[in-house]
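# Breakdown of the fold
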Amino acid sequence: MRRFELVLPGSLDECVKALAQAPADSKLLAGGTDLLPQLKNGLLKPACVIDLSGIPRLRSIEAGNGQGLRVGSAVTARTLELDRAVRANYLSLAESGALVGSVQVRNLATLGGNICNAAPSADMAPPLLALDAEAVITGPKGERRVPIAAFFTGVRRTVLAPDELLVELAIPNPGSHSGGSYLRHTPRRELDIAVVGVASQLTLANGRCAKARIALAAVAPVPVRATAAEQALEGQAVTPDLIKRAADLAVEAARPISDQRGSADFRRHLVRVLTRRTLTTALARAGA
Amino acid sequence: MAKQVLNFTVNDEPAEVLVQPWDTLLDALRERMGLTGPKEGCGTGDCGACTVHVDEKPVASCLLLAMQARGHSVRTIEGLGKPGALHPLQDAFVRHGVPQCGFCIPGVIMAAAALLAENPHPTEEEIRYGIAGNLCRCTGYTKMLAAITEAAGAPVGRRS
Amino acid sequence: MSTVMKTTRDVKGIGLSIPRPDGPDKVTGQVQYVADLNPRGLLHAKLLRSPHAHAKIVRIDVSRARALPGVRAVLTAADIPVLKKKAPTRAHAVLAIDRVVFAGQPVAAVAADEPAIAEEALDLIDVQYEVLPVAADPLESMKPGAPPVAELGTEADTSEAQAHGSVAGVTTEVKSSKAVNISQQARLQRGDVAKAFAESDVVIENTYRVPMVHQGYLEPHAVLAQWDTAGNLTLWASTQGSFNTRSEVADVLELPENRIKVIPMECGGGFGGKIRALCEPITAVLARATNRPVRYVMTRREELEAGMPAPQVIIKLKTGVKRDGTLMALEAEAILESGAFSGAVLAVAGVFLASLYLWPHFDVKGFEVLTHKPSIAAYRAPVAPQTIFAIDSQMEQIARKLGVDPVEFRLRHLQREGDKMANNQPWLSNGGVEVLTRLAEHPFWKKRAEWKASAKDGKLRGTGLSLGGWLGGLQPTGATVRLNPDGTLQVLTGQVDIAGTNIALAQIAATAYGVDIDKVKITTGDTDVAPLTGLSAGSKTTYTVGVAVMQAAQNARNQTLEIAAKELEASVHDLEIDGDRVVVRGVPDKGVTLASIGKKGNLYMSKVEPVLGASHPAFSVQAPAFCGQLARIEVDPDTGEVTLHNFVVVQDVGKAINPAQIEGQMQGGAVQSLGMALTEALMYDDKARLTNPSLLDYRKLTAADLPNIETIIVEKPAPHGPFGARGVGEPPIVPAPAAIANAIEDATGVRLTHLPLSPERIALAIASAS
């Protein structure tokens, strides 16, 4: 690793101030599981790194009664995997946390890091999209909220200005008749990265689908929603045939590339398979 | 870019050590403190050889800056047991003839110790996932499973 | 040799699963690997590596790097006068001179006070490249007109084949005039292939492809170099053979060998990848330039981009058989992609393809092809897994097509001792038939139909097996066994112990001398003090060093008994060792302690010679060793994911010196074999740049991907092995690719011929078949 200055703010205010004073190429360090490999490989050579681990607020999870969930950006994947409140109503998010890296990595990797690194394969992005989460951002001009679908602007690019940081994700409670699921395909069971990831969230009312969300990872420069598939489900009684049709429609939202992790053909194939499976699971969970 | 003072607890004893801002926790332990039990196999969190406990949780110490451990409690393989006073896992690893080249072993044992602390009677599946972040190229993991299972006091079972 | 083999009581020696004595040090993190050494004044080395696979170096400017505070040396090829343009091996190509031939090739070297400073110095080195056309694909590279890889006139390197001592009698010729990148060719022929194909009823043709794979040792290459004022070099190395490292470094740096001391540190895995010198020469040069100890530790990215992986192997295979199952003809073309420097074990492919099963007519052509990729080295049973993948997959398909039992079909045609190999050498005593027979008796094989029928929830189930092996390695070696003044034994070899061979050697010494293992200590000495010895490679440590230790211990025993005979005024033939004493047989109170004999060998004015058993044998007879593997799998046809439910390894080890250590070899080898089968591949783009340079994307199997590996040891004694032992390291890496491919076909009906058998390949093949 090349040399850099390390700043250790103890509060959000200190961090915002440090960020404002730091050089433009400064990097925020949360779990380090994405940033450190990039620093080690020389892909990034910042003069200054600001450590977020000393800011308690970023590590808090609040699940108000029916008010939805607020997850600090420095909450670890391991916490999401195990947290009761997350598992109770936001299971797809817990499932995505459980799939990241290995336990040694999950104890470091953070929700905010996964989102702000903005890799197309980020596991936590599809559940957040499927749950209609909002990113709470702060900076010298104060706080702003951005729907997660608008947060990603390209491969490794987000709406964050150089002097801003992600504070938390605000996730509305999907309600008791809603169920979600996240699945991804990897050649190995652990210690791997998504070839394709799919999150589905179904909310039922009177035996019909009141709301459907399907979000895909690693099939486009940014995580995407499969809106045509969602529309095909909404207002309908969800049958295996309809799920099959929705899965076919989801493929149309994918614009995958071929790379070392998988060909575009295989990725489209996986979108169909994983959409079908996550919808099936989401339906069962919504009904349960 | 001056060195920074890192105050933390290492293997149950308070420690104060000068580190560079860019030192990883692994660098600090190995190069500044002589604790060379944790190994660097990849430097990117993909092999588990550097596994230590921070506040009793297993982490890849190659992915953490040393200063991020300030105020925390770190345990390395050196703080688990010693020759002559081995931790049950270490004892089982020796008796089952697990180590070959030995490079992955400190990391595997630290991952297994964290697993057993959280889940004293894991299933075979839970053990497999508990050490899935630790690559081993010599053993094929089978003897590790037997040793960890024995150390946990559970009967050896097969996956059906 | 004169031997006193018989001991009158059983000693704790061979045949027992004794834990290795360094186990406690290994599980407590106390053992020292190179990177754990941190001597006073240590400098850290880093190498600037080419981003291009093929380019001319127009200009290198190191002035800014040299000016960076904390930098102690910056070197380019111009600073190292011994470097030559026609580098015959990777080790000789210390730094590129005026042309780089693979991405990752070192171009400049830095030593600095801190690794971070060395890295910044690399950023400050200005290299101007002129990018040249790239030979990225071996099939293209072997055509006339391909961009040349080696400097014209560079000789092929066949030392790897010699080092493995595996195949005699195959003539390899070097170079054809037009195809500049074909560095070696071999051909094995017998009979009339065209006529035999014409008379065949079933002809099957396939092209099998196995990509470059990395040995995957967990400890990256590392070395520490230091010079003394008299000009002697000490290297603390992670090596599979300290004497080989010494020879190569001496050759590259033009130093007398006795000026170099190689201290073999604990080796964190090698598997063939730490035989050849790699970063030792440049680290030595940096240490001399700075007059400081210099440590170089490769990063994992460097390991994957610029290590010495196994070759890509492409085998075009055509076979013909009669409807009654008679083998008729085999025609094969094996292309081994060696990367930028020659060095493949070409002949192994030919011998396994044409003579594991007895083809009366065959024509096998082998080509070693150079490309602009990192040059290759051995990887556990070099080229055997790739070759067995092809021939065993083919045998399975023939059996299926003929509708005969696949095991009976293999057994009918499998070689036996005395049969003629493709190179006209006789097959030596081996347990091929016994291993395959034992595997076929396993309930998982007998109940394969039930397993297939038990599939549910849209999954598919199948069973597959395969037989593979290794011809056995040979290399001269030596050992001494000393009797200490307290009656304990001291064994000394120069053999690097990676996998636990030292405990096996100590057990051999205990049994051969006639004392319990707890009286024996074994040491691996450095190159200044240890007897010359070979590589820890090729499944030959126990087989060859075991003989040296056995003979040295017998020699020490004879010396001991002769001294005792004088003291006791008895015939040597009436003496035996009982515990810690030499006694007259039948007269148990007439004896002398080993300690007193040992003590007299070290007393002032004593006339008793110290006991020093020595042996330094060379060998001529190999011991082939076979391994059979069986996989019970489940396939998810939608995602292509394979779940391994059971995996069985049966292996002929001759005589199990230490069964637990052998099981560890069988299990570890099997999992490497499974990795090659299922997930591993170094992937390159069309500019020959590695696209997966991390352990995230170079996928070694984890504990979560695997079942317990069941081991069954078969013992068919090797006539010349120590107590009948055969080598055990290589065979278990051989069979899994074919076993898994066979199991996938059993489950899904789809036959795959390209490794790895990835979910993508499986799922898309199933989708296109249905």
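Here the structure is a predicted model, which is why all the values come from computation and not from measurement. (Residues numbered from 1 in each chain as written. Chains lettered and ligands numbered in written order. Predicted model: local features only at pLDDT ≥ 70, side-chain atom pairs only at ≥ 80, totals over all residues. Heavy atoms only, no water.)

## Some points on the interface of chain B and chain C
Threshold: By definition in these notes, contact holds between two residues if any of their heavy atoms fall within 4.5 Å. In the analysis that follows, any N or O atom pair within 3.5 Å is treated as a polar contact, provided that within protein one partner can donate a hydrogen and the other can accept it, and provided that, for residues neighboring in sequence, both atoms belong to side chains. Labels follow the DSSP assignment, with helices taken as runs of H or I lasting at least four residues and strands as runs of E lasting at least two, numbered in each case from the N terminus. Only Asp, Glu, Lys and Arg are considered charged, only Ala, Val, Leu, Ile, Met, Phe, Trp, Tyr, Cys and Pro nonpolar, and every remaining residue, Gly among them, polar.
Listed per partner, the contact involves 51 residues of chain B and 62 residues of chain C. If you look at where chain B meets chain C, you find 28 residue pairs in polar contact (both at pLDDT 80 or more). Counting residues per element, the side of chain B that touches chain C draws most heavily on helix α2 (residues 88–95) of chain B, which supplies four residues. Taken together, the residues of the side of chain B that touches chain C sort by class into 23 nonpolar, 13 polar and 15 charged.

## Topic: the nonpolar core
Here is the rule we go by: Residue types Ala, Val, Leu, Ile, Met, Phe, Trp, Tyr and Cys, when buried and joined through side-chain atoms within 4.5 Å, form a set referred to as a nonpolar core. Throughout, exposure labels follow a simple rule: accessible area from a 1.4 Å probe, protein chains only, divided by the maximum for the residue type, with under 20% read as buried, over 50% as exposed, and the rest as partly exposed.
With 156 residues, the main nonpolar core has Phe93 and Met144 of chain B together with Trp359 and Ile740 of chain C as its most contacted residues. The residues contacting Trp359 of chain C, other than those within four sequence positions of it, are Thr319, Gly320, Val321, Leu327, Met328, Ala329, Leu330, Leu353, Ala354, Ile391, Met395 and Ile398 of chain C. Core analysis: the second largest hydrophobic core is formed by 100 residues, Phe152 and Val195 of chain A, Leu25 of chain B together with Ala763 of chain C among them.

## Some words on the sheet that holds strand β4 (residues 99–100) of chain C
All names here are of chain C. Definition in use: At least two DSSP bridges between two strands are required for those strands to pair.
Taken together, three strands build an open sheet; the order of strands is β4-β2-β6 and the sheet is antiparallel. Strands at the two margins of the open sheet, each flanked by one partner only, are β4 and β6 (126–131). Relative to β4, strand β2 (residues 55–61) runs antiparallel, the two sharing two bridges. Residue Lys56 lies in a different strand from β4, and its bridge partner there is Arg99.

## Some words on the packing of aromatic side chains
Worth spelling out the cut-off: By convention, a stacked pair of Phe, Tyr or Trp rings (six-membered ring in the case of Trp) has centres within 6.5 Å and planes under 30 degrees apart, an edge-to-face pair has planes over 60 apart, and any other such pair is tilted. Lysine NZ or arginine CZ positioned within 6 Å of the ring centre and within 35 degrees of the ring normal marks a charge as sitting over the ring.
The full count for this structure, using the stated rule, is four aromatic pairs over all chains. Relative to Phe152 of chain A, the ring of Phe151 of chain A has its centre 5.5 Å away and its plane inclined at 90°; by these criteria the two rings are edge-to-face. Ring plane angle 45° and centroid distance 6.0 Å describe the contact between Trp427 of chain C and Phe626 of chain C, whose orientation is recorded as tilted. Placement of the pair is Trp427 of chain C in the loop between α12 (406–413) and α13 (432–440) and Phe626 of chain C in strand β25 (residues 625–635), with a sequence separation of 199 residues. Assessed through its relative accessible area of 1%, Trp427 of chain C is described here as buried. Overall, the relative accessible area of 1% leaves Phe626 of chain C in the buried class. In this structure, Arg461 of chain C packs its charged tip against the face of Trp451 of chain C, placed 4.1 Å from the ring centre.

## Side note on the sheet that holds strand β1 (residues 5–7) of chain A
All names here are of chain A. The condition is simple: In this description, a line fitted to the C-alpha atoms serves as the axis of each element, helices being fitted only across the stretch in contact, and the angle between N-to-C directions of two axes falls anywhere from 0 to 180 degrees.
If you walk across this open sheet you meet the three strands as β1-β3-β2, and the pairing is parallel. Edge positions in the sheet fall to β1 and β2 (27–29), since each of these pairs with one other strand and no more. Across the sheet, the mean angle separating the axes of adjacent strands is 30° when strand polarity is ignored. For β1 and strand β3 (residues 48–51), the ladder comprises three bridges, and the chain directions are parallel. Note that in β3 the partner of Val7 across the bridge is Ile50.

## Describing helix α17 (residues 541–568) of chain C
For an α-helix, 3.6 residues make a turn, and residues three or four places apart therefore share a direction. All names here are of chain C. What counts here: Here a helix's expected span is defined as the number of its residues, less one, multiplied by 1.5 Å.
Here α17 spans 38 Å end to end across 28 residues, near enough to the 40 Å set by a 1.5 Å rise per residue. Burial analysis of α17 places 22 of its 28 residues in the buried class, which makes it a mostly covered element. At the exit of α17 stands Glu569, carrying a positive phi of roughly 50°.

## Digging into the domain arrangement of chain C
All names here are of chain C. Let me state the cut-off plainly: Domain segmentation is taken from an automatic or database assignment of domains. Accessible surface is computed with a 1.4 Å probe, and the buried area is the amount of it that two parts give up when combined, taken over both parts together. Any carboxyl oxygen of Asp or Glu that lies within 4 Å of a side-chain nitrogen of Lys or Arg is treated as forming a salt bridge with it.
Domain annotation of chain C identifies domain 1 (23–31 + 475–615), domain 2 (34–132 + 220–267 + 274–306) and domain 3 (428–472 + 622–770). Computed from C-alpha atoms alone, the centre-to-centre distance between domain 2 and domain 3 is 38 Å. The partner domain 3 presents eleven residues to the seven residues of domain 2 that form the contact. Together, the buried faces of domain 2 and domain 3 total about 640 Å²; carbon and sulfur atoms form 68% of this surface. Our enumeration of links across domain 2 and domain 3 arrives at zero salt bridges. Counting across the domain 2 and domain 3 interface gives zero residue pairs in polar contact (both at pLDDT 80 or more). Its residues assigned to classes, the side of domain 2 that touches domain 3 shows four nonpolar, no polar and three charged.

## Description of the interface of chain A and chain C
Of the residues lining the interface, 25 residues belong to chain A; the matching set on chain C comes to 30 residues. The interface formed by chain A and chain C includes nine salt bridges. Of the charged contacts, one joins Arg3 of chain A and Glu120 of chain C as a salt bridge, the two residues approaching to 2.7 Å between their closest N and O atoms. Here chain A is connected to chain C by 18 residue pairs in polar contact (both at pLDDT 80 or more). Per-element tally for the side of chain A that touches chain C: the top contributor is helix α12 (residues 264–287) of chain A, with six residues. When grouped by side-chain class, the residues that make up the side of chain A that touches chain C number seven nonpolar, seven polar and eleven charged.

## Some words on unusual backbone geometry
Note on backbone geometry: most residues besides glycine have negative phi, and most peptide bonds are trans. Backbone torsion omega between Leu755 of chain C and Pro756 of chain C reads -5°, so that peptide bond is classified as cis. Tracing the backbone through its elements, the reader meets Pro756 of chain C in the loop between α20 (736–748) and α21 (759–769). Of note, the phi angle at Asp132 of chain A is positive, near 55°, even though the residue is not glycine. Following the sequence through the fold, Asp132 of chain A ends up in the loop between α8 (125–130) and β6 (134–139).

## Notes on the domain arrangement of chain A
All names here are of chain A. On domain assignment, one finds that chain A holds domain 1 (5–51), domain 2 (56–171) and domain 3 (178–287). Look at where the C-alpha atoms of domain 2 and domain 3 centre, and you get two points 20 Å apart. With 25 residues of domain 2 in contact, the opposing surface of domain 3 contributes 25 residues. Buried surface at the junction of domain 2 and domain 3, summed over both partners, amounts to about 2,000 Å²; 58% is from carbon and sulfur atoms. Across the pair Arg285 and Glu95 runs a salt bridge whose closest N-O atoms are separated by 2.8 Å. Taken together, the connections running from domain 2 to domain 3 amount to nine residue pairs in polar contact (both at pLDDT 80 or more).

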